[in-house]
There are 2 protein chains.
Amino acid sequence: MTPLPKAVVEALQSVLGEGPIPLHEPRFHGNEQRYVQDCIESTFVSSVGAYVDRFERALAEYTGARRAVAVVNGTAALQVALRLAGVRAGDEVIAPALTFVATANAVHYLGATPHFADSSEATLGLDPDALRDWLEHTAERTADGIRNRHTGRPLRAVVPMHTFGHPCDLDGLMAVAHDYRLTLVEDAAESLGSRYHGRHTGTFGLLGALSFNGNKIITTGGGGAILTNDERLADHAKHLTTTAKQPHRWEYVHDEIGYNFRMPNLNAALGCAQLEQLPDFLAAKRQLADRYQEAFSGVEGAHLIREPEGTKSNYWFQTLLLDEGEAEQRDRVLEATNEAGLMTRPAWALMHQLVPYRDCPRAPLPVAESLARRVINLPSSAGLV
Amino acid sequence: MTPLPKAVVEALQSVLGEGPIPLHEPRFHGNEQRYVQDCIESTFVSSVGAYVDRFERALAEYTGARRAVAVVNGTAALQVALRLAGVRAGDEVIAPALTFVATANAVHYLGATPHFADSSEATLGLDPDALRDWLEHTAERTADGIRNRHTGRPLRAVVPMHTFGHPCDLDGLMAVAHDYRLTLVEDAAESLGSRYHGRHTGTFGLLGALSFNGNKIITTGGGGAILTNDERLADHAKHLTTTAKQPHRWEYVHDEIGYNFRMPNLNAALGCAQLEQLPDFLAAKRQLADRYQEAFSGVEGAHLIREPEGTKSNYWFQTLLLDEGEAEQRDRVLEATNEAGLMTRPAWALMHQLVPYRDCPRAPLPVAESLARRVINLPSSAGLV
Ligand SMILES: Cc1ncc(COP(=O)(O)O)c(C=O)c1O
Ligand SMILES: Cc1ncc(COP(=O)(O)O)c(C=O)c1O
C-alpha cells in the first residue's frame, strides 16, 4: 500500500497539478479595481462613505440579518458583539477549545475569561450534548443568572464557531443556551455563505461576527461585520465602533467608551466587489470539495470532511481528517505536501494549550484533542477549479 | 466695529472665497491610483505585502525613528505603545485633558486609568511646570516607582499629545518624566511632519503613535504607526499587532495575548503614495497659516495660533484662539461660519467632562478649560492654497 504521505500528495496532485499552490488566495476578477478607483476619486476613503453603507446593506440582504455593521476586522466584530451581549469584566464565556485565537482574545479584551468546551466530530463545532453534561456539573443558578460553581464567576455567553465554514449544531446549542440562560453570539468569521436549515450562519445568535481577512472567502484587505436582527443593538454597535460620539454639528462629546473600529470606505469598496462574486466562489469551492472527495476516495486512513447534515457549508477550508490510527502520521503528511509545494496546515493549537490561556476553566476536551491531531487543511482557493 | 462672528466669516472668505469648504479634506494627486491598482493585481491586499514593508521603511526614514510599525489605526498604535511601555491593569497614566478621546481610551483598554493634567497656552500641549507642581502634591515614591498617594495606584507613564500638530514642550516634559520615573509615550497622531528642535515628534518618547485617519495630514483610509528607536520594542510591537503568532511553517501557536492590529497592504499602498506628497502638504499648510494670519491681523478679539518657539509645526489644523473676553462668542462664531458653508469646529470636550471619564483623577485644569472655551479650528486642507 502507498504510504499515507505519498498517497495524499498524489491525490492532491491529481486535482491541482504541480505546485506551488497556496492554502488560500483571494480572487479579484470583478469590479474591485473600478470601485476602489471610484472611491479614491471621491476622496472619501476613510470613515464615512457610500461604499460602507452599500456594503452593510448588501451583507444584510445576503445573510438575511436585519442589520450588518461593517468594522475593521473579525476580532473587533466579535469583541463588540460580546460587549453588546452583556459580557463584562469578571464574566466567563463558553468558547470552543478548537478555534482561532481571536475567539478567546475577544473575550479577554473585555476583561472576561474564556471557558473552553469540547467539539463534535460531526460538525467540528461545539458539541451541545457534551456542553450540557459539563454545565450540569459546573453551572449553578443564582438570582441573576448562572455562575461557575468552581470559580464563582458569572457564565454569561456562549460563542460557537463554524469551523472551516461548516455550521455547528445550532438547534442543540440554542437549546443549551436557553436552558442555562447564556446569550448566544456566533463566531461566523469563517462561514460567510454557510447555512443551517436554510438560514445563514451568524443570524441565530443575538449577534454574529464575520471576517473579511485576506484568507477568508471574500476579503476587504482587513475587515469584519457584526450581524444582528435587533435594530437597537445594531445602532449601538455602530455607535460603539465609531468612538461613541454623540451626533452634533460640531461638538465632540463621547457618551461611553467606544472604539475606532470603523471599516474604511476604501476597504468597503473592495468588499462590495467581492460580495458580488460570492455565489461564484461558493460554487467553485463546492466543486473543489467534490473533486477532492473523489480524489481521496481511494486513499485509506483519511477522508474529506463534508458539510454536516441539514447544512450548506461554504467549504471555506477544505479539510482532510486522518483516522485515529493515522494521527501520528500528521506531521509527515504536512512535510510531504508542503515539500511538494502544495500548502497544507494542521488545525490551530487548542486554546488551553496556549500559554496565555492554559489556566482558563475548561471541560474535558477529548474530541477537540483528537481532531487537533488529525485535521489537515488543503489548498482551498476558489480559483483552483 | 464689525461683530466678531461677521469679522471671522469675512476674514475666512478673503482667503477661501465662498463655501462650502470642509474642515479637512485629503488630496490624492500622486501615485495613489497606481499603487492601489498594483496592490490589487498582486492579490496581496491583506496582512502581508510589499507596501506594508515599504511604508514602514519610508516612515522610519522620514521621521528618523529607527523603526516604524504600521498598524490599523492611531488608537491601536497608542494602545500597543502604552502596553510596551509597561502600562498594566490598575496603573495610572498622565494624559492631557485637552485631547481627542482616543488618548484616554487607549489607556482604558489596558485596564489602566487616565489621570488628566493641564495644558499650556503656548503649546496647547501638557504643561511641564504645572505637571511638576501637581506631581509634587500627588506622587509618592515607592520601591518600584511612583504612585498616586490618593488612589494608591502606580503612576506609570505620561502621554503628551501634539495638539493640532504643534509640538509640546518636550524638553520640559522629558525632565519631569525622568524625575518622576514616568515612561514617556508620545501621542503624535496629529503631528506627522512636526519637529521639535529639528527632531521629529513621536521619536522623543520610548515609543510614539501616528494616525493616518481620513482627516489627518496623510491618510491610509484608516491606519496608524508605532515609532521607536528600540529594535527590540519594534519587534515586539510587530509580534503583538500580528496576533503574537510564533513563526512556524504550519503551526498556529500564540505565545501571549496579541491583537489583530495589522494595517492591510491595500491601505499601505495608499499610504506610500500619500507620504511621497507630505512635503507638498506641509508647504501648503504653512502657506495657508500665513494667509490666515494676514487675514486675521485686522480682526480684534482673536488671533491665529502659530508654531511654538523652537518647533516646526505641520499646521495640521489651523486654529483661531478667541481672547478670554470673547469666549462667550464662540458658539456664535461657529454658527456664523458653518452657516456660511465654511466649516469650523471647537476643541473636543475636555476628557474630565465626558461621562465615562468624569471620575478619573485630575490636576487643576484652568488652562485646558480656558482653551476649550476659545479654540476654533478653521478649514485646513492642503488643497486650499
Ligand atoms: C474563527 C475565527 N474567529 C475570528 C477571526 C478573526 O477575524 P479577523 O482576522 O478578521 O480579525 C478569524 C479569522 O481570522 C477566525 O478564523
Ligand atoms: C490626539 C489623537 N490621538 C489619537 C488619535 C487616534 O487615531 P485614529 O483615529 O487613527 O485611531 C487621533 C485621531 O483620530 C488623535 O487626534
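Residues numbered from 1 in each chain as written. Chains lettered and ligands numbered in written order. Predicted model: local features only at pLDDT ≥ 70, side-chain atom pairs only at ≥ 80, totals over all residues. Heavy atoms only, no water.

As recorded in an unreviewed UniProt entry, chain A goes by the name GDP-perosamine synthase, listed as coming from Ectothiorhodospira marina. Of the comments in the UniProt record for chain A, the one headed Cofactor (unreviewed entry) reads "pyridoxal 5'-phosphate". Looking at the Pathway (unreviewed entry) heading of the UniProt record, one finds this comment for chain A: "Bacterial outer membrane biogenesis; LPS O-antigen biosynthesis." (UniProt positions renumbered as here; feature names shortened; annotations may be inferred.)

Draft legend 1. Region of the structure containing the packing of aromatic side chains. All names here are of chain A. What the rule picks out here adds up to 22 aromatic pairs over all chains. Between Y35 and Y51 the ring centres are 5.6 Å apart and the planes differ by 35°, which places this aromatic pair in the tilted class. Here Y35 is found in helix α2 (residues 32–42), whereas its partner Y51 is found in helix α3 (residues 50–63), with 16 residues between them in sequence. Residue Y35 is classed as buried on the basis of its relative accessible area of 7%. Taking relative accessible area as the criterion, Y51 reaches 7% and is therefore assigned buried. (Phe/Tyr/Trp six-rings, centres within 6.5 Å; stacked < 30°, edge-to-face > 60°. Helix = DSSP H or I, 4+ residues; strand = E, 2+ residues; numbered from the N terminus. Buried < 20%, exposed > 50% of the residue type's maximum accessible area, 1.4 Å probe, protein only.)

Draft legend 2. View of the interface of chain B and chain A. Residue-level contacts link 58 residues of chain B with 58 residues of chain A. Around 4800 Å² of area is buried between chain B and chain A when both sides are counted, 64% of it from carbon and sulfur atoms. Three residues stand out in chain B for area buried against chain A, namely W250, Y252 and I257 of chain B, and they jointly supply 16% of the buried area on that side. One can count two salt bridges joining chain B with chain A. A salt bridge links E335 of chain B to R249 of chain A, with the nearest nitrogen and oxygen atoms 3.0 Å apart. Of all the secondary structure elements, the ones that give two or more residues to the side of chain B that touches chain A are α2 (32–42), α5 (101–109), α9 (265–276), α11 (330–339) and β15 (345–346) of chain B. (Contact = heavy atoms within 4.5 Å. Buried area = accessible area lost by both parts, 1.4 Å probe. Salt bridge = Lys/Arg side-chain N within 4 Å of Asp/Glu carboxyl O.)

Draft legend 3. How the structure looks around the UniProt feature "active site" (unreviewed entry) in chain A. Residue and element names in this part refer to chain A. The UniProt feature table records "active site" (unreviewed entry) at K216. Assignment of secondary structure puts K216 in the loop between β10 (207–211) and β11 (224–228). Excluding residues that lie within four positions of it along the chain, K216 makes contacts with H24, A189, E190, S211 and W316.

Draft legend 4. Molecular detail of the site of ligand 1. As a matter of local geometry, ligand 1 sits amid 16 residues, with T75, E190, S211 and K216 of chain A together with N260 of chain B nearest to it. A distance of 2.7 Å separates a nitrogen atom of ligand 1 from a polar side-chain atom of D187 of chain A. For ligand 1, whose accessible area on its own is 380 Å², the fraction buried by protein is 97%. Of all the secondary-structure elements, those providing two or more residues to the shell around ligand 1 are α4 (74–84) and α5 (101–109) of chain A. In terms of residue class, the shell around ligand 1 is built from four nonpolar, nine polar and three charged. (Near = heavy atom within 4 Å. Polar contact = N/O pair within 3.5 Å; in protein donor to acceptor, adjacent residues only side chain to side chain. Areas by Shrake-Rupley, 256 points an atom, 1.4 Å probe, with all protein chains shown as cover. Nonpolar A, V, L, I, M, F, W, Y, C, P; charged D, E, K, R; others polar.)

Draft legend 5. How the structure looks around the UniProt feature "modified residue: N6-(pyridoxal phosphate)lysine" (unreviewed entry) in chain A. Taking the UniProt record as the reference, the feature "modified residue: N6-(pyridoxal phosphate)lysine" (unreviewed entry) is found at K216 of chain A. By relative accessible area, K216 of chain A is classed as buried at 10%.

Draft legend 6. Expanded view of the pattern of salt bridges. Following the criterion strictly, the structure yields 37 salt bridges over all chains and no others. Note that R232 of chain A and D230 of chain A form a salt bridge whose closest N and O atoms lie 3.9 Å from each other. Since its relative accessible area comes to 23%, D230 of chain A is described here as partly exposed. Salt-bridge contacts for D179 of chain B lead to R132 of chain B; the nearest nitrogen and oxygen are separated by 2.8 Å. Of this pair, D179 of chain B sits in helix α7 (residues 170–179) while R132 of chain B sits in helix α6 (residues 128–138), placing them 47 residues apart in sequence. Judged by its relative accessible area of 33%, D179 of chain B falls in the partly exposed class. The network of salt bridges with common partners includes E121, E324, R373 and R374 of chain A.

Draft legend 7. Geometry of the state of the cysteines. All names here are of chain B. Per the stated rule, a full pass over the model turns up zero disulfides over all chains. Cysteine C272 shares no disulfide, and the gap to the nearest cysteine sulfur, in C39, comes to 9.6 Å. What makes C272 buried here is its relative accessible area of 6%. (Disulfide = S-S within 2.5 Å.)

Draft legend 8. Local environment of the domain arrangement of chain A. Residue and element names in this part refer to chain A. In terms of domains, chain A is made up of domain 1 (4–27 + 278–384) and domain 2 (32–276). For domain 1 and domain 2, the distance between their C-alpha centroids amounts to 25 Å. Tallying the contact residues gives 43 residues for domain 1 and 50 residues for domain 2. Of the roughly 3800 Å² buried where domain 1 meets domain 2, counting both sides, 67% is carbon and sulfur surface. Among the residues domain 1 hides against domain 2, the three largest losses belong to L278, W316 and W348. Together they make up 20% of the total. Viewed at the interface, domain 2 and domain 1 are joined by one salt bridge. Here E121 makes a salt bridge to R374, at a shortest N to O gap of 2.7 Å. At the level of secondary structure, the elements contributing two or more residues to the side of domain 1 that touches domain 2 comprise α10 (278–295), β13 (311–312), β14 (318–322), α12 (366–374) and β16 (375–378). Looking at the side of domain 1 that touches domain 2 residue by residue, the classes come out as 28 nonpolar, eight polar and seven charged. (Domains from an automatic or database assignment.)

Draft legend 9. Representation of the relation of the copies chain B and chain A. Between chain B and chain A, the superposition needs a rotation of 180° and an axial shift of 0.0 Å, giving an RMSD of 0.0 Å. Each copy turns onto its partner about a two-fold axis. A shared interface surface links the copies, since 100% of the contact residues of chain B are contact residues in chain A too. (Least-squares fit on C-alpha atoms with pLDDT ≥ 70 in both.)

Draft legend 10. Geometry of the sheet that holds strand β15 (residues 345–346) of chain A. Residue and element names in this part refer to chain A. Taking strand neighbours across the sheet as the criterion, the four strands line up as β12-β14-β16-β15 in an open arrangement whose pairing is antiparallel. Lying at the two open borders of the sheet, with one neighbouring strand each, are β12 (302–304) and β15. As paired elements, β12 and β14 share three bridges and run antiparallel to each other. Bridge pairing in β14 places L304 opposite L320. Sheet contacts for α12: β14 and β16; angle to β16, the most-contacted strand, approximately 45°. (Pairing = 2+ DSSP bridges. Axes fitted to C-alpha atoms, helices over the stretch in contact; angles between N-to-C directions.)

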